[in-house]
Amino acid sequence: MSIPRDDWSALIPHAGAMCLLDDVVAWDAGSVHLRTASHRRDDNPLRSDGRLRALHLCEYGAQAMAVHGGLVARASGEVARPGYLVSLREVELHVERIDDLAGTLDVHAERLLGGDGSWQYRFRVEHRGDTLATGRAAVMQARTG
């Protein structure tokens with residue numbers, strides 16, 4: 001059962017065309033799977049010179065992490081505080097560009113560690129079962145006050 005963007009987009013700080021993900025396919029306390037076709041859209045704000053480079057798949061992974069954090073917080077009756085992406089590690093890109101790929105992308109994020117205002121995730125982006133990018137990312141919660 002897919003969860004459309006209208007149901008979760010207010011949970012993350014990305015808005016308009018910068019919200020790169022379309023639908024939540026599945027999620028639980030430890031992971032999320034989303035689907036999107038934003039890599040094909042002419043208004044994708046990450047495009048340059050008419051192309052969307054594979055490096056931008058890190059942003060797709062980071063947004064999946066934000067969606068996951070928002071869904072987990074909402075399920076426990078809370079609101080997720082904003083966080084900052086503080087590091088990317090072990091990033092592997094298996095293509096040069098993604099704007100020329102037909103159909104949708106599958107974006108997966110798995111929480112590896114979490115608590116005390118910081119989280120580590122592993123992300124993977126696929127197209128028709130082929131891995132396009134993988135990596136790990138760390139997020140620190142923004143301080144308030």
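Relevant structure appears above.
A short tour of the structure in this document, coming up.

Definitions and limits used
- Residues numbered from 1 in each chain as written.
- Predicted model: local features only at pLDDT ≥ 70, side-chain atom pairs only at ≥ 80, totals over all residues.
- Heavy atoms only, no water.
- Pairing = 2+ DSSP bridges.
- Helix = DSSP H or I, 4+ residues; strand = E, 2+ residues; numbered from the N terminus.
- Contact = heavy atoms within 4.5 Å.
- Axes fitted to C-alpha atoms, helices over the stretch in contact; angles between N-to-C directions.
- Salt bridge = Lys/Arg side-chain N within 4 Å of Asp/Glu carboxyl O.
- Buried < 20%, exposed > 50% of the residue type's maximum accessible area, 1.4 Å probe, protein only.

1. Observations regarding the sheet that holds strand S2 (residues 23-28)
Now for step 1: With antiparallel pairing, the seven strands of this open sheet are ordered in space as S1-S2-S3-S5-S6-S7-S4. Two strands lie at the open edges of the sheet, namely strand S1 (3-4) and strand S4 (83-93), each paired on one side alone.
Now for step 2: Across five bridges, the pairing between S2 and strand S3 (residues 31-36) is antiparallel. The partner of Ala26 across the bridge, within S3, is His33.
Now for step 3: Running at roughly 60° to strand S5 (residues 105-115), helix H2 (residues 57-75) makes contact with S2, S3, S4, S5, strand S6 (118-127) and strand S7 (130-141) of the sheet.

2. Things to note about the pairing of S6
Now for step 1: Here S5 runs beside S6; their pairing, made up of nine bridges, is antiparallel. If you follow Val107 over to S6, its bridge partner there is Val125.
Now for step 2: Count of turn residues in the S5/S6 antiparallel hairpin: two residues, of which Asp116 carries a positive phi of about 55°.
Now for step 3: Relative to S7, S6 runs antiparallel, the two sharing 10 bridges. Bridge pairing links Trp119 to Val139 in S7.
Now for step 4: Linking two consecutive strands that pair antiparallel, namely S6 and S7, is a turn of two residues; a positive phi of about 50° is found at Arg128 within it.

3. Examining the pattern of salt bridges
Now for step 1: In total, this model carries nine salt bridges according to the counting rule given.
Now for step 2: Residue Asp22 pairs with Arg41 through a salt bridge whose shortest N-O separation is 2.8 Å. One end of the pair, Asp22, is in the loop between helix H1 (5-8) and S2; the other, Arg41, is in the loop between S3 and H2, with 19 residues separating them in the sequence.
Now for step 3: A residue is classified by how much of its surface remains accessible, and Arg41, at 32% relative accessible area, is partly exposed.
Now for step 4: Among the ionic pairs, Arg136 bridges to Glu90, the shortest N-O distance being 3.4 Å. With a gap of 46 residues between them, Arg136 in strand S7 and Glu90 in strand S4 connect regions that are remote in the sequence.
Now for step 5: Here the salt bridges do not stand alone but share partners, grouping Arg5, Asp22 and Arg41 into one network.

4. With respect to the environment of Ala10
Now for step 1: Inspection of the secondary structure assignment puts Ala10 in the loop between H1 and S2.
Now for step 2: Residue classification places Ala10 among the exposed residues on the basis of a relative accessible area of 76%.
Now for step 3: Along the backbone, Ala10 and Gly70 are 60 residues apart, and their C-alpha atoms lie at a distance of 8.9 Å.

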